[in-house]
Amino acid sequence: MTTELILLCLAAFGAGFIDAIVGGGGLLQTPATLLILPQYPVATLLGTVKIPSLAGTAVAAVKYAKQVKFNGLILAGCTIAAFIASLSGAYLVSTIDNHHIKPVILVVLVAVALYTYFNKSFGVQQEKNHTAKRQLLLACLFGLIIGFYDGLIGPGTGSFLILAFVGILGFDFIGASAHAKIVNVGTNLAALVYFSSTGHVLFQYAIPMAIFNILGSFLGAKLALLKGNKFIRIFFLIVVFGTILRFAYDVFWK
């Protein structure tokens, strides 16, 4: 158990660091947990990683909140929608085959990577082209979709939220990262409510992992705020590229 715990904590630290900057930490933490603890049911492992994910994301959210001004209405609408959808996704995780979803996500990610790479201003300067009402409706819509995905599958949720805030609502990367953290806290909490109520959490692993995820998240958020939008844009591209490789592996080789 000692070796397993050390490896899990290292994965949690890396996940927290990545997640605080551009999301997508679950792409490291979740596969690592499934690999290190193969003797447990998948639902139990998904429930276990929600605790470190929630802890690290919450710390990053607090760090961002000190320096970023939030849009309270959009944030509330998106978070509530995402919470409800994530709870539904967690409930259905054992009844829906998510392998059919991954090819679609792969195509979207490739398009996102190409667009972000060639559009140098994407996420660097804030552009608002929607009325307040339209922004709220769009925020609730992608909150429902991404929240459901988080409850059902999980990894990459933070990156998808940042993408939505930047690409759909016109936020800059720092503002998008800050808002995404709050919404992600809601989705993680909703999924955790379901998994813990059904006994799918290994607290002996989840608590130490949470501590290391928090440490990684604190450092990641501090670095993101220090370096600014251009740094986050580059980091975003790196994480999206890694996400593409991960989904491509699941789709074509696994």
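Position labels on residues start from 1 in each chain and follow its written sequence. Reporting in this predicted model follows two pLDDT cut-offs: at least 70 for local features of residues, and 80 or more for side-chain atom pairs to be given and counted; totals over whole chains, interfaces and linings ignore these cut-offs and use all residues. The basis for every side-chain value is the complete set of heavy atoms in the structure, and neither hydrogens nor water enter the calculation.

Participant: Give me the lowdown on helix 3 (residues 42–65), citing residues and values where you can.
Facilitator: In a regular helix each residue adds 1.5 Å, so 24 residues correspond to 34 Å; helix 3 covers 34 Å between its end C-alpha atoms and thus fits that length. The classification of residues rests on relative accessible area computed with a 1.4 Å probe and restricted to protein chains. Under 20% of the type maximum is buried, over 50% is exposed, and intermediate values are partly exposed. We count a stretch as a helix when DSSP gives it H or I for four or more residues in a row; a strand needs E for two or more, and each element gets its number in order from the N terminus. Of all the 24 residues making up helix 3, 18 are buried; the element is thus mostly covered by neighbouring parts of the structure. Helix span, expected: 1.5 Å multiplied by one less than the number of residues in the helix.

Participant: Give a detailed account of the packing of aromatic side chains, specifying residues and quantitative values.
Facilitator: Only Phe, Tyr and Trp rings are paired, with Trp represented by its six-membered ring, and only when their centres lie within 6.5 Å; those with planes under 30 degrees apart are stacked, over 60 edge-to-face, the remainder tilted. For the structure shown, the criterion picks out six aromatic pairs. Centroid distance Phe-142 to Phe-165: 5.2 Å. Interplanar angle 80 degrees. Geometry classified as edge-to-face. One end of the pair, Phe-142, is in helix 6 (residues 132–152); the other, Phe-165, is in helix 7 (residues 157–167), with 23 residues separating them in the sequence. The class for Phe-142 is buried, based on a relative accessible area of 5%. Cluster of aromatic residues (ring-pair linked, three or more members): Tyr-91, Tyr-194 and Phe-195.

Participant: Could you give an account of the nonpolar core, naming the residues involved and the relevant values?
Facilitator: Where a protein is soluble and globular, its nonpolar side chains tend to be buried together. Nonpolar cores were defined as sets of buried Ala, Val, Leu, Ile, Met, Phe, Trp, Tyr and Cys residues, with membership established by side-chain atoms within 4.5 Å. If you look at the biggest cluster of nonpolar residues, it comprises 43 residues, and the most contacted ones within it are Val-22, Phe-142, Ile-162, Phe-165 and Leu-169. Of all the secondary structure elements, the ones that give two or more residues to this core are helix 1 (2–22), helix 3, helix 4 (72–92), helix 6, helix 7, helix 8 (173–197), helix 9 (203–227) and helix 10 (229–253). The contact definition used throughout considers only heavy atoms, calling two residues in contact when any of these lie within 4.5 Å. When sequence neighbours within four positions are dropped, the list of residues in contact with Ile-162 reads Ile-21, Val-22, Gly-23, Phe-173, Ala-176, Ser-177, Ala-180, Lys-181 and Phe-236. Ranked by size, the runner-up nonpolar core spans twelve residues in total, among them Ala-90, Tyr-194, Val-201 and Ala-210.

Participant: Which residues make up helix 2 (residues 26–36), and what values go with them?
Facilitator: Of all eleven residues making up helix 2, eight are buried, and the element is well covered by its neighbours. For helix 2, the complete set of buried residues consists of Gly-26, Leu-27, Gln-29, Thr-30, Pro-31, Ala-32, Thr-33 and Ile-36.

Participant: Give me the lowdown on the environment of Val-193, citing residues and values where you can.
Facilitator: Its place among the elements puts Val-193 in helix 8. Sequence separation between Val-193 and Lys-50 is 143 residues; the distance between their C-alpha atoms is 9.7 Å.

Participant: Give me the lowdown on the packing of helix 1 against helix 10, citing residues and values where you can.
Facilitator: For helices, the axis comes from a line fit to the C-alpha atoms of the stretch in contact; other axes are also lines fit to C-alpha atoms, and the angle between any two N-to-C directions lies between 0 and 180 degrees. Here helix 1 crosses helix 10 at 125 degrees, and the two axes come no closer than 9 Å. Judged on the interaxial angle alone, helix 10 and helix 1 are oblique. Taken as a pair, helix 1 and helix 10 cross one another with a handedness that is left-handed. Contacts between helix 1 and helix 10 involve Phe-17, Ile-18, Ile-21 and Val-22 from the first element and Phe-231, Ile-232, Phe-235, Phe-236 and Val-239 from the second. Note on angle classes: values under 35 degrees are labelled roughly parallel, values over 145 roughly antiparallel, values of 65 to 115 roughly perpendicular, and the remainder oblique. For any helix crossing, the convention is left-handed if the near helix is rotated counterclockwise from the far helix by under a right angle, and right-handed if that rotation is clockwise.

Participant: Explain the environment of Thr-157 to me, and be specific about the residues and the numbers.
Facilitator: Mapped onto the elements of the fold, Thr-157 is located in helix 7. Separated by eleven residues in sequence, Thr-157 and Ile-146 have C-alpha atoms that sit 6.6 Å apart. When near neighbours in sequence (up to four residues on either side) are disregarded, Thr-157 contacts Ile-146, Tyr-149, Asp-150, Asn-184 and Thr-187.

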